[in-house]
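An overview of the molecular structure
What follows is each chain in one-letter form.
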Amino acid sequence: MELKKIVAILTVSMMVSSCSLVPTKKEVSITTKSIERTIIQPVMPREIDLKEPYWYVVSDKNIDEFLSRVEKDQGQVVFFAMSVPDYELMAYNMQELKRYINELKEVVVYYKKVTTTPEKDDESSS
C-alpha cells in the first residue's frame, strides 16, 4: 500500500513539474529572415501546326460537277452540311477561342515576368 502512495506522489510531482525536477527558464528569440525562392518557369508549348482544309461551295448549279469530281478524286461521296448562320456561329466560336488563348498567353507572360528576377534575366540574355 505504501508503494502505491509513493508511486502516486511521484507521478503527481512529475506531472506538476512537467517531467522536470529543476524548472529552468528558457529564452525564446523570434527572428524574421527573408528567403529567396526560386520559382521554376514552365516551358512554353510549341506553336500549333494547323492544316488548312479545302472548302467546297456547292449550289444547285454546280452539284453535278462537284459530285463527279469528288467520286473521281475520293472514290465516295460524303457530305458535311452547314447552313450560313451555323457557319457564322462557327466563325464566332473560333474568334472566341483565339481571344481566350491570347488572354491566357498574356497571363502566363505576366506571371513569368513578375516571378523572374532581373539578375537571372541578365544572365540568360548574355
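For clarity, every value in this text was computed on a predicted model and none was experimentally measured.

Reading guide: rules and limits
Residues numbered from 1 in each chain as written. Predicted model: local features only at pLDDT ≥ 70, side-chain atom pairs only at ≥ 80, totals over all residues. Heavy atoms only, no water. Helix = DSSP H or I, 4+ residues; strand = E, 2+ residues; numbered from the N terminus. Areas by Shrake-Rupley, 256 points an atom, 1.4 Å probe, with all protein chains shown as cover. Phe/Tyr/Trp six-rings, centres within 6.5 Å; stacked < 30°, edge-to-face > 60°.

With that settled, the discussion passes to the overall build of the chain. Regarding its fold elements, the chain presents 4 helices and 0 strands. When the elements of the chain are put in sequence order from the N terminus, they spell out α-α-α-α. If you sum the accessible surface of the chain, you get close to 13300 Å²; carbon and sulfur atoms cover 60% of it.

For the rest of this paragraph, the subject is the packing of aromatic side chains. Within the structure shown, the criterion is met by 5 aromatic pairs. Seen in terms of ring centroids, Tyr54 and Tyr56 are 4.7 Å apart; in terms of plane orientation they differ by 70 degrees. Their pairing is edge-to-face. Between Trp55 and Tyr87, the ring centres sit 5.9 Å apart and the planes meet at 85 degrees, which makes this aromatic pair edge-to-face. One end of the pair, Trp55, is in the loop between helix H1 (2–16) and helix H2 (63–74); the other, Tyr87, is in helix H3 (residues 84–115), with 32 residues separating them in the sequence. Here the aromatic cluster, defined as three or more aromatic residues joined through ring pairs, consists of Tyr54, Tyr56, Phe66 and Phe79.

In this section: the environment of Ala81. Among the structural elements, Ala81 can be located in the loop between H2 and H3. Separated by 23 residues in sequence, Ala81 and Val58 place their C-alpha atoms 9.9 Å apart.

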